[in-house]
Every structure is written in C-alpha cells, then in structure tokens.
Amino acid sequence: MNNSLLNSIRFIVFLSLQVLIFNNINLFGYINPYPYILFIILYPVNSNKSVLLLGSFFLGLLLDIFCDSGGVHTTASIVLAFLRPTLFRFSFGISYEYQTVKIADKMSPERITLLLLAIVIHHFILFYLEYFRLGLLFTILSRTIVSALFTFTICILIVYLIKPNKR
Amino acid sequence: MQQIINFIIKNSYRLLFLLLLVLSLSLTIKSHTYHRSEYINSANKITGSVYTQLNYVNEYFSLKEKNKELASENALLKKLLFNKKDTLVTSKTLFRNDLNNFNVVVGKAIKNSFNTRENYITINAGKVLGIKTDMGVINDKGIVGIVEKTSKDFATIQSVLNIKSKINAKIKNSDHFGSLVWDGKNVGFAQLIDVPRLASLRKGDSIVTGGNSDIFPENIPIGKIDKIFIDRKTNYYTINVRLFNDMTALGYVYVIENKKKKQKQELEAITTAPKK
C-alpha cells in the first residue's frame, strides 16, 4: 500500500481510538493509556521527517481540542517526533537508516527499548506540562511510570494485532 | 543574504520544530492562565458532534439508574409542592414575574474528565438556548461547575474538580462563608478555605453555596464536612468537604442564569468606583 495513504489511515484510526476508547478507560479512576504515539513510532524511517513533525503536531492539536487540555499533547508529540531519529540511533545502532526497521516484525530487545523510551519521554513531558509545577515532581513521575506501563501493554497488543501476516 | 537563506534551507527541519514547539508551548501556557484559548476547546461543531454520538451509545448503559434518579427528584419536588406553608401558592403562581430571578436551562454532559488537575465538562446546550460564560451549573445532587466557553450548540464547563475553580460557599445554618477550591487530588472531596475561626463546625455539617455568589442561587447543596484543619499561616479553617455529587458520573445538568446579575454588578461597580 502507498505509504502516505497508510499514514493518513493510521492518523485517523489512532486519533479516533484515543478519543472514543482510550480516553474513557480511567483505570483506578485516573490512569489512561495514550497509544496514539504509535503513529509517531511506526512512521517509516526513510520518509520525510518534516511531514512527520507536522503530522504529530496536528495529531496532538486535535487531541488537545478533544480533551480541553491546552497544548500538552501537541508539545509532547512534536518533541517525540523530533527525538525519534536519536532514539532509533540509540536502540538500533548508528546504521539504523540502512536496515528497514519495521517495529511490527518481531519484538526484539531493541524494539522494546525504543518503545519504552519513547513512551516514557512522551508521558513525562505530557504530565509535566499538565501539572505545570515542579513541586509535584513525585506525583508527575509516579503518574508517568504507571501510565507508561499501561500504554506499553496496549501498544504491544496493538502491534501484534496489526502485524502483517506475510513470512 | 545568501548565507541567511542557506542557513534557513540547511536548518529548515530544526526551524520547523522550533516554530511548532513555540506554538504548542504558548498554547499550553495560555491554558494554565485564567482565560483559556478561544479555539482550543471542545465546544465546537466537530468535537461536539463526535461526543454527542459517543454519548448516544453510552447513555443506554445507565438508563435505568438515570430514570430512578429522575423519579426520586420528581417525588421530592412534589413533596415540597404538597407541603407548602402558603396554600395560595400553586405551581402556576409560583412563577410570579417579580420573583422570577433565575432561569434554568437543561443540558446533558456529553464529555466529562476527572483525571487531570484542570477538568472540563462539555454539555450539549449552547448559545441558542441562551447559555453564556459564567453561568452556574448544577444537577439534582449539587453543584457541578461554571460555564467557561460556549458555541452555537455546545458549552464547556469548568468543573468543581478544577484547581482554578473558586466558588463562594457557606456552612448551612451558620452563614459563615469561605471559598470552595479543589487541591487536585481526590475526586470525591473539595476544600473549603478561609472560614473564620469564629465559626462553630462539626463533622457532618452541610456546606451550601453562599449568598455572595453572582453565579449560583443561595443554598444549593455542595457536600458534607469530612475533616477540619487549621491553617497555620492564616489561622483560618480549611475544611475537607465530601461532595454530594459523584463527579465521575454526570448525566443531565441544569444551567442557571441569574437575571439580576448585571444589575447587581453594575451597582457594585458604581459603589466601589473612585469619586471624582
């Protein structure tokens, strides 16, 4: 399938899943997963980076409009999109651009590192901007960790569900 | 000039990132100040219709419960009407024009959040039904919040569970008043601050809205006193209030318009204005 078409579909699917389902989970009263960041992680390595940046900006902005949360999702998403090449280099080594990394292939330690790092960075920025007070660092960190674990579980489930079946 | 253009072309990706970062950070910072952004809220057509559709589905799961609540509220209102002191007052003469200070519009909460420190509710009633910013919102159990932004058919409400919310409230029967705020921790409790030490308090006393508020009518239930602290710095009481309302499950709400609000505010402005 065409790459840009696939990405547009992912954009819409992740946005609607987040708004319709994942924002209403409220596990233990307050924990919600944010698996929409899979849009940023699953974006093809060799495609245009500026498009990803703009895409994650609009994904975050639309989510912020739905959640009445100002600009927290937008900021967290674009920072993650900007840091993505660095994270890839960190987890796959310097030559990541030459191997066609597809996160859906197999859950190797490298891919789990990448996913976890991306989730923790995104969630920390998200919750830090949401609380917006350094005095609450402990609360921010604990919410980051709990939510990150939840998001990680959901992300793995989604990745396995949409895994293409060719060998 | 050539070098500037070269620099921009070379660093276009980074410049784009910085531009978007500044944009999104300014949105974030704006959302934490008192007046929120004009466009980034869920009271618009697209988000409103999505939440309406979602609500159509979710509604069915609590239909029985909501009907029961409605019936019990009707029973309570009937009881008030049957046991009135003045037998000349009937349900028709109750709405005399000179006493008609408040207008009530019904709305339904189609989106409710309670897991952040700044929570907002979206309802499916807007400007068409006469809803404006700074009207009070209640339901049959107690207060819900204050209208923040409105569009044609939708409105967002600053929930009681919002650290920016501040509502005038008093202890029932004693008339000592304070401000109702939320500390951002527990969704079942709000805090009543700045209550003078003279007030006699007991655990279990009811807290209701105060008469100083331009937004809510007096004596709307809020909650019960759960714990009483003394603020060391100011020597005022700080009271933990257990809310009557379950803010995590809202259905129909009532938006209250105070018709005499403008008159009152104008009078107060004239009184406090510096004399020439």
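Source: prediction; values computed, not measured.

Chemist: Hey, could you go over the overall build of chain B for me, with residue numbers and the actual values?
Modeler: For chain B, the helix and strand inventory stands at five helices and twelve strands. Taken along the three principal axes of its C-alpha coordinates, chain B extends 90 × 50 × 45 Å. In chain B, which comprises 276 residues, the share counted as buried stands at 42%. Counting only contacts in chain B whose residues sit at least 6 apart along the sequence, the fraction spanning at least 24 positions is 60%. Accessible surface computed for chain B: about 16900 Å², of which carbon and sulfur atoms make up 58%.

Chemist: Let's hear about the pattern of salt bridges: which residues, and what values?
Modeler: Residue and element names in this part refer to chain B. In this structure the tally under the stated criterion is nine salt bridges over all chains. The closest approach of N and O atoms between Lys 108 and Glu 59, which form a salt bridge, is 2.7 Å. With a gap of 49 residues between them, Lys 108 in strand β1 (residues 102-112) and Glu 59 in helix α3 (residues 45-59) connect regions that are remote in the sequence. Through salt bridges with shared partners, one network takes in Asp 214, Lys 264 and Glu 268.

Chemist: Outline the nonpolar core, listing residues and values.
Modeler: Ranked by size, the top nonpolar core spans 62 residues in total, and within it Tyr 36, Leu 38, Phe 39, Leu 53, Leu 115 and Ile 119 of chain A carry the most contacts. Those elements giving two or more residues to this core turn out to be α1 (3-20), α2 (38-41), α3 (49-67), α4 (72-92), α5 (109-131) and α6 (137-161) of chain A together with α2 (12-32) and α3 of chain B. Each residue touching Phe 39 of chain A, except ones within four places of it in the same chain, is listed here: Asn 7, Arg 10, Phe 11, Phe 14, Leu 52, Gly 55, Ser 56 and Leu 59 of chain A. Counting residues in each nonpolar core, the second largest holds 43 residues, with Val 137, Val 160, Trp 182 and Val 255 of chain B among its members.

Chemist: If you had to explain the sheet that holds strand β9 (residues 206-209) of chain B to someone new, which residues and values would you point to?
Modeler: Residues and elements named next belong to chain B. If you trace the six strands once around the closed barrel, you get β6-β7-β8-β11-β10-β9, paired in antiparallel fashion. When strand polarity is set aside, the average angle formed by the axes of neighbouring strands in this sheet is 40°. In this sheet, strand β8 (residues 189-195) lies alongside strand β7 (residues 177-181) in antiparallel orientation, the contact comprising three bridges. Bridging from a neighbouring strand, Leu 180 pairs with Leu 192 of β8.

Chemist: Any chance you could break down the packing of α3 of chain A against α2 of chain B for me, citing the residues and the numbers?
Modeler: Running from N to C, α3 of chain A and α2 of chain B point in directions that differ by 10°, and their axes come no closer than 10 Å. Classified by the angle their axes make, α3 of chain A and α2 of chain B are roughly parallel. Along its contact with α3 of chain A, which presents Lys 49, Ser 50, Leu 53, Leu 54, Phe 57 and Leu 61 of chain A, the element α2 of chain B presents Tyr 13, Leu 16, Phe 17, Leu 20, Leu 23, Ser 24 and Leu 27 of chain B. When grouped by side-chain class, the residues that make up the contact of α3 of chain A with α2 of chain B number ten nonpolar, two polar and one charged.

Chemist: Go over α4 of chain A with me, naming the residues and quoting the values.
Modeler: Residue and element names in this part refer to chain A. Between its first and last C-alpha atoms α4 spans 29 Å; for 21 residues at 1.5 Å apiece the expected length is 30 Å, and the two agree. Arg 84 marks the point of greatest bend in α4, at about 45°, and the proline Pro 85 comes within the next four residues. The element α4 is largely enclosed, with a buried count of 16 among its 21 residues. At the exit of α4 stands Gly 93, carrying a positive phi of roughly 90°.

Chemist: Hey, could you go over unusual backbone geometry for me, with residue numbers and the actual values?
Modeler: Even without glycine at this site, Asp 68 of chain A takes up a positive phi of about 55°. Classification of Asp 68 of chain A by relative accessible area gives buried; the value is 3%. Notably, Asp 134 of chain B is not glycine yet its phi reads approximately 70°, a positive angle. Structurally, the position occupied by Asp 134 of chain B is in the loop between β2 (118-123) and β3 (136-138).

Calculation rules
- Residues numbered from 1 in each chain as written.
- Chains lettered and ligands numbered in written order.
- Predicted model: local features only at pLDDT ≥ 70, side-chain atom pairs only at ≥ 80, totals over all residues.
- Heavy atoms only, no water.
- Helix = DSSP H or I, 4+ residues; strand = E, 2+ residues; numbered from the N terminus.
- Buried < 20%, exposed > 50% of the residue type's maximum accessible area, 1.4 Å probe, protein only.
- Contact = heavy atoms within 4.5 Å.
- Areas by Shrake-Rupley, 256 points an atom, 1.4 Å probe, with all protein chains shown as cover.
- Salt bridge = Lys/Arg side-chain N within 4 Å of Asp/Glu carboxyl O.
- Core = buried A, V, L, I, M, F, W, Y, C linked by side-chain atoms within 4.5 Å.
- Pairing = 2+ DSSP bridges.
- Axes fitted to C-alpha atoms, helices over the stretch in contact; angles between N-to-C directions.
- Parallel < 35°, antiparallel > 145°, perpendicular 65-115°, else oblique.
- Nonpolar A, V, L, I, M, F, W, Y, C, P; charged D, E, K, R; others polar.
- Expected span 1.5 Å × (residues − 1).
- Bend = angle between axes of the 7 residues up to and from the residue.

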